[in-house]
Every structure is written in structure tokens, then in C-alpha cells.
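Below, each chain spelled out in residue letters.
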Amino acid sequence: MTNKLPAGPDCPAWAQLAAAAPAAQARSTRELFAADSARFAHCSLQAAGLLFDYSRQRVTPKMMPTFAALADQLGLRERIAAMFRGDAINSTEGRAVLHTALRRGAAGTPLIVGGENIDALVHSERQHMLAFAEAVRAGGIRSSAGEPFSLVVNIGIGGSDLGPAMAVEALRQYTAGAPRVAFVSNVDGCQLTDIVAGADPRRTLFVICSKTFTTLETRSNALAARSWLQAQLGAAAVPAHFAAVSVNSKAMDEFGVHPEYRFALWDWVGGRYSIWSSIGVSLAIAIGRANFEAFLAGAAEMDQHFQGAPWAANLPVLAAMLGVWNVNFLGLPTLAVLPYDQRLARFSAYLQQLEMESNGKSVRLDGSPASTATCPVIWGEPGNNAQHSFFQLLHQGSERAAIDFLLPVNSSCDSQPQQDLAIANCLAQAEAFAFGQTPEQVSADLSRQGVPAARIAELLPHKVHPGNRPSTLLMFPRLDPATLGRLIALYEHKVFVQSVVWGINAFDQWGVELGKKLCDTIVPLVQKPETAGNVTSSLRGALDFVARERG
Ligand code: F6P
């Protein structure tokens, strides 16, 4: 039944948007502001503690009913309800999608799916994980040497790394008194080597996060960590230094994870949506129970907003529709995510997996090809650093991008005078991208500086900024745990709404499998290049080079 659902291009509202696009393309942002002196009031929203300012997007308030009509024609209300109640909307894997259940409040009717009380399951697992995190944090759980842990190393990759790593950095201000938390993901072993180089094994705890426990990168890092620990403290010490989170309890047994330090996960939690589960254990160790609960509560607040708010005042729906407008009607194939807060340095990397692993697909739910572009390329860096790197291209390059600015008002590190500078930079860039700098402005500036007319004529084309680069400015009072929860949930739901519009399944990831399968066959060839039989000439050439050059 799921795969018969309509997608955006099947809807009458889509044709209306297509009809409106040429005029919108032709209209400058300056004209949009000139036509509406209250544009900010008409094109911004405050909800769930966030200010969502889309006044610099290339839309008019008149288009909002068309976006709302599109949502209705797609049956979005029912599609949202189906996700929250646990229907198997991940049709290619036959699974429910219930990351929202991981942050539901205790009140209300319990969520029962397939006869199972999901709330009870989640609650008991969360208590187990948080009790562990608190005990590690407070030194109640100790190492084999009777020492409190001073270093916690999260070993995982993808959703078992990016969420916790991003959030621990984002909430560094809330980590006082906690052990240092470090992250190891890459298969080449360098991160682990660097971390253990300065570590005291008697005070080091490893947390292996892997939904499947079969992921090559995580397994090889976990085995290397175990060898290091064993070499330092002996085999008997291993269980006291290894916790793990997985659906694969057999693999946790075989690895030698401490029997009480094992945490469960369920099939209905996708890796990139799993930070709310026990996969967040290293975050919970870093920020403590109360902050972790506030993080969940922030996300739950966004869940309620998403389920209840009318389309025109619904942040995830608006964000999704603006994204669709930019990709499908304005032809902007990338989205630059630019936080003006160093603590959000990993946010765009996190979103890359969330958005591109979810919606980076070109077939619809029924297996037919998508008839339109789908997920944009997500990229970005902390805004100020990016200003001195790739902003040139954003301002004047031939490729245009849509932009999301993220901006806290209060400093995330008690440096308000410097955060004020970050705020000014962010607002300046938002204005520059929207309005640019006209030939008249450039010319007036240069003649004020006494530049001769002939030189002005030469410089003019180089100094004009065309503007009309659409951006959304997401502001919030401070980057606290609840706000981070709201922000992540906002993007999660945006991704879901966009998948509904594009008619694709946001919750599988078949595109990552081929490379993994090929890697399994190539590992032995890299180890023994001379055994490579009938391989492509390119592969043969690379293997020969490895054989010649390996030290
Ligand atoms: O390769 C992609 C992926 O399957 C992601 O979806 C997932 O987050 C990551 O690998 C890690 O998987 P696991 O948690 O099972 O080790």
C-alpha cells in the first residue's frame, strides 16, 4: 500500500509552483523587500524556541497556500501520523521508523506496535543507559585497576559516530566534571593511535557503538583497542574497559563486552536517527542525565510542533518546502549549512549523513525513477572560517547554493563580546548574499575613494555582487541541550517531509552496500596482491603499486 502513494510531481500544486517559478526567478530579493515593508514579519516564525527567518528566500507569502496545498495533496498529515504510530513506512526493509519514540514523554497512551509496549522498552533501556553514564561520570563505575575513568573512547562510524561526536562538541559547555570523550571512526587506525598515545589504559573506557556490530571500520578499531588494552593490562582486564551498544547481543558476548555494560537498540531505529537511543551513551557521559533528558525533551517539543502546527507555521514543513523550491524550481543543487558557532563545527557533517543517506536516491517508493531532482548536496563549515575560504564562490561564483545560517545569540563559551562579532558577521553575510552590491553602489564607493573613472569601469564587473542567494536564518537564544534537540529534530522532520514530496524512502540506504561488498573481496587482494587473478586493469595497476611501495 505504501508504494502507491503520490509524490510531489503528481500533485496539482506542483504544477502551480512550476508556473510561478519563472516570475520568481526573475524577481530580485531587493524587489521582494521593496514590495513588502513588513517582509520579515510576513516571512519569519518563532516556534519551539527558534526564530526561523526565511525572508531572504526567494518566495512570497502568497506562495504559502500552494505549499500547504502540496502538503495536503500528498496526504502529509496521515504520512506523519503513520510514522509516529509505527507503521512499517520503511518499505524496502519492512520496518517501522520510530526514533521519535525514543524521546516521547512518559505521559499519555502508551505506544504499542506489533503488540509490544514501545514506551516501556525505551524507558527501561534509557534508565539502564543513563544509570551507567552517571556512574561512569561520577566515578562509581571503575576500571579493572579500581580507577575512575578519565577518558571515554566512542568507537563507531556513520550514525554511531556523527551524532554523538557532533553533540559532545556542541554541548562542551555542559561537560564540566565529566571524563574526556573522544571519537574513533576511520578504518585507517590513525585516530585510535593518536588517542591511545597519550592515554592511561587504567583510566580508559571504550564504548563500541554499532547497530549491526559487523561494520568493518568499527570492528577493526574495536579489535585494535582491545589488543592495546590487553597488551597494557592483560586479558582479564578487558570486560571492565568495554561497553557496547548494538542489536547484535551475540557479537557483544563474543567480543568480551562487560555483561552489565551492554545496551540494546532496535531495528526500528535507523543509524542516522539513533542519537536519542543508547547510541548517545558517550553524550550522556559527557553532559550527564539531566542534560541528556533536556536534549530528548527539546526533540520531543519539536515532534509535537511538527505533528500539530498548521502547515504555514510548521517549521519542518516550511524548511522542507523551501528546500524543495530551491532544488526543484530554482535549480539550486546544493545546500550550504553555516553555523556561526565553533561548537557546531560538526553539524554539517552530521547533516550530510542525515540528509544525503536518507534522501540521496533516485527511485520512488514503487521502484519507478524519480522524475525530478531529489536531495541537494549538503556541505558547510563554521561560517566565519568559511568566509575566508569558500564564500568567494558563494558570492560571485557560477554555481549558486541555498544557505542555512545557524546563529545562537549567547556565547557557547562565555565569550559574549566575541559572539557579538560572530552575530555581526552572520547578519552581514545574510544581507550580502540577499542584496549583493549593485554597479551603482560599487561605482559610488570607488569614486568616494577618488578612483579615476577609467579604473572604476575596469573594476566594476569584478566588484559587483549579484545577490539573490537565498538563505534561511535560524536563530536561538543559546546552544543548550534542549535547543540542540529541537534543531536536530527539525532537520530530521524536514528530511522526512522532503522524502514524501520526492516520493522516496528516507529510511533505507542500499547505496552504501555495493562498496562494502566489493571491499570484502578486495581486502585479501590488498593483503596479498600476488593472489589477484582476473581483476580490472585499474585495480591491477593499483595493487601492483601497493605491492611495490608498501614498506
Ligand atoms: O554504511 C552506512 C551505515 O550502515 C549507516 O547507515 C550507519 O549509521 C553506519 O553504517 C554504521 O553502522 P553500524 O552502526 O551498524 O556500525
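Residues numbered from 1 in each chain as written. Predicted model: local features only at pLDDT ≥ 70, side-chain atom pairs only at ≥ 80, totals over all residues. Heavy atoms only, no water.

## Considerations on empty space enclosed by the protein
- Per the counting criterion, the structure on display carries four cavities of 30 Å³ or more.
- Here the largest cavity is characterised by a volume of approximately 200 Å³.
- Lining the largest cavity are 21 residues, and of these Ala319, Gly323, Leu335, Asp404 and Lys494 lie nearest its centre.
- Of all the elements in the fold, those that place two or more residues in the lining of the largest cavity are α12 (315-329), β10 (334-339), β12 (402-408), β13 (471-476) and α19 (481-502).
- The dominant element in the lining of the largest cavity, judged by the number of residues it contributes, is α12, at five residues.
- In terms of residue class, the lining of the largest cavity is made up of 12 nonpolar, six polar and three charged. (1 Å grid on protein atoms, 1.4 Å probe; cavity = no way out; pocket = protein on both sides within 12 Å on 5 of 7 lines; lining within 4 Å. Points joined across faces, edges and corners; volume = space filled by probe spheres on them. Helix = DSSP H or I, 4+ residues; strand = E, 2+ residues; numbered from the N terminus. Nonpolar A, V, L, I, M, F, W, Y, C, P; charged D, E, K, R; others polar.)

## Considering the packing of aromatic side chains
- Applying the stated criterion to the full structure yields 24 aromatic pairs.
- Where phenylalanine 84 meets phenylalanine 306, the ring centres are 6.4 Å apart and the plane angle is 45 degrees; that geometry is what we call tilted. Taken together, the residues span a long stretch of sequence, with phenylalanine 84 in helix α5 (residues 76-85) and phenylalanine 306 in helix α11 (residues 281-308) at a distance of 222 residues. For the pair phenylalanine 84 and phenylalanine 306, one class covers both residues: buried.
- An angle of 85 degrees between the planes, with centres 6.0 Å apart, marks the rings of phenylalanine 206 and tryptophan 228 as edge-to-face. Here phenylalanine 206 is found in strand β7 (residues 204-209), whereas its partner tryptophan 228 is found in helix α9 (residues 216-233), with 22 residues between them in sequence.
- Here phenylalanine 206 falls in the buried class, since its relative accessible area comes to 0%.
- Taken together, the ring pairs connect Tyr340, Trp379, Phe390, Phe391, Phe405 and Phe433 into an aromatic cluster.
- The aromatic ring of phenylalanine 33 is capped on one face by arginine 39, whose charged end is 5.4 Å from the ring centroid.
- When the ring centre of tryptophan 311 is taken as origin, the NZ or CZ atom of arginine 77, which lies over that ring, is 3.8 Å away. (Phe/Tyr/Trp six-rings, centres within 6.5 Å; stacked < 30°, edge-to-face > 60°. Buried < 20%, exposed > 50% of the residue type's maximum accessible area, 1.4 Å probe, protein only. Lys NZ or Arg CZ within 6 Å of the ring centre and 35° of its normal.)

## Things to note about the site of the ligand
- Neighbouring residues of the ligand: 14 residues in total, closest Ser160, Ser210, Thr212, Thr215 and Glu357.
- Threonine 212 is positioned with one of its side-chain polar atoms (N or O) 2.7 Å from an oxygen atom of the ligand.
- Between the ligand and threonine 215 there is a distance of 2.5 Å, counted from an oxygen atom to a side-chain nitrogen or oxygen.
- For the ligand, the accessible surface in isolation is 390 Å², of which the surrounding protein chains cover 86%.
- Taken atom by atom, the bulk of the ligand overlaps the largest pocket.
- Looking at the shell around the ligand residue by residue, the class counts come to two nonpolar, nine polar and three charged. (Near = heavy atom within 4 Å. Polar contact = N/O pair within 3.5 Å; in protein donor to acceptor, adjacent residues only side chain to side chain. Areas by Shrake-Rupley, 256 points an atom, 1.4 Å probe, with all protein chains shown as cover. Sits in = over half its atoms within 2 Å of the grid points.)

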